[in-house]
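Structural features, examined
What follows is each chain in one-letter form.
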Amino acid sequence: SQELEQSPQSLIVQEGKNLTINCTSSKTLYGLYWYKQKYGEGLIFLMMLQKGGEEKSHEKITAKLDEKKQQSSLHITASQPSHAGIYLCGSSTGANNLFFGTGTRLTVIP
Amino acid sequence: DGGITQSPKYLFRKEGQNVTLSCEQNLNHDAMYWYRQDPGQGLRLIYYSQIVNDFQKGDIAEGYSVSREKKESFPLTVTSAQKNPTAFYLCASSIRQTIATGELFFGEGSRLTVL
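All of the points below concern the structure found in this document. Because the structure is a prediction, the values reported are computed rather than measured. (Residues numbered from 1 in each chain as written. Chains lettered and ligands numbered in written order. Predicted model: local features only at pLDDT ≥ 70, side-chain atom pairs only at ≥ 80, totals over all residues. Heavy atoms only, no water.)

**A short note on the nonpolar core**
A:Leu19, A:Leu32, A:Trp34, A:Leu74 and A:Leu106 are the most contacted members of the largest nonpolar core, which has 21 residues in total. Apart from the residues within four sequence positions on either side, A:Leu74 is in contact with A:Leu19, A:Thr20, A:Ile21, A:Trp34, A:Met47, A:Ile61, A:Thr62, A:Ala63 and A:Tyr87. (Core = buried A, V, L, I, M, F, W, Y, C linked by side-chain atoms within 4.5 Å. Buried < 20%, exposed > 50% of the residue type's maximum accessible area, 1.4 Å probe, protein only. Contact = heavy atoms within 4.5 Å.)

**Brief notes about the pattern of salt bridges**
Opposite charge on two side chains makes pairing possible when the charged atoms of those side chains draw close. One pass over the structure, following the stated rule, counts five salt bridges over all chains. A salt bridge links A:Glu55 to A:Lys64; the shortest N-O distance between them is 4.0 Å. Owing to a relative accessible area of 41%, A:Lys64 belongs among the partly exposed residues under this scheme. A single salt-bridge network, built from bridges that share partners, covers B:Arg36, B:Asp38 and B:Arg44. (Salt bridge = Lys/Arg side-chain N within 4 Å of Asp/Glu carboxyl O.)

**Brief notes about a nonpolar patch on the surface**
Together, B:Tyr10, B:Phe12 and B:Leu115 give the surface a local cluster of nonpolar side chains, amounting to about 380 Å² of exposed area. Mapping B:Tyr10 onto the fold places it in strand β2 (residues 10-13). (Patch = residues over 30% accessible without salt bridge, like charges linked within 9 Å, V, L, I, M, F, W, Y side chains within 5 Å. Areas by Shrake-Rupley, 256 points an atom, 1.4 Å probe, with all protein chains shown as cover. Helix = DSSP H or I, 4+ residues; strand = E, 2+ residues; numbered from the N terminus.)

Here's what the structure looks like:
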């Protein structure tokens, strides 16, 4: 079965610091999606990457997909308390299933 | 406002009882999904439905049942056959019947605790 490994599992940073979350697959991905979840709530779509080498940014969050389409990183610049939550990467095998990594819990200390 | 509504948000049940979680969407989306989330395990797909009156099993369908009689509704029943039902359940929908675009819209979740 397809698996996505995320690292680190949890991250605590001081407000204003930059951080990176990684998502790795052993197989080539059709696409890579990033979601954010606040504890006990639903997921919010952040970004989708489909092409090898693709990079997208939204406000202070930048996501990249490597050329082989097996690894993605999510970078947050100048973190704020509003960035706190669980970040999940997801991918699809092309069928009707979006499978997810185990998540990275981000805490931002004011 | 358009969105997905899950109810109840919290549910407590005794072991051996069936429970039904509601999921309603007014986004006019074709496809709907149920995921289960456990600590340290990410999300796992239970069932999904691409169109009305049709649904398919996901990775962990045993002990669960669904129906899709209306486009906007996709209730999930957790039966007594489900060995570890305590979890956080998330319902989602997508515009197209395939999720190649990856954008799922999620509800706020239902937390089920079996005592």
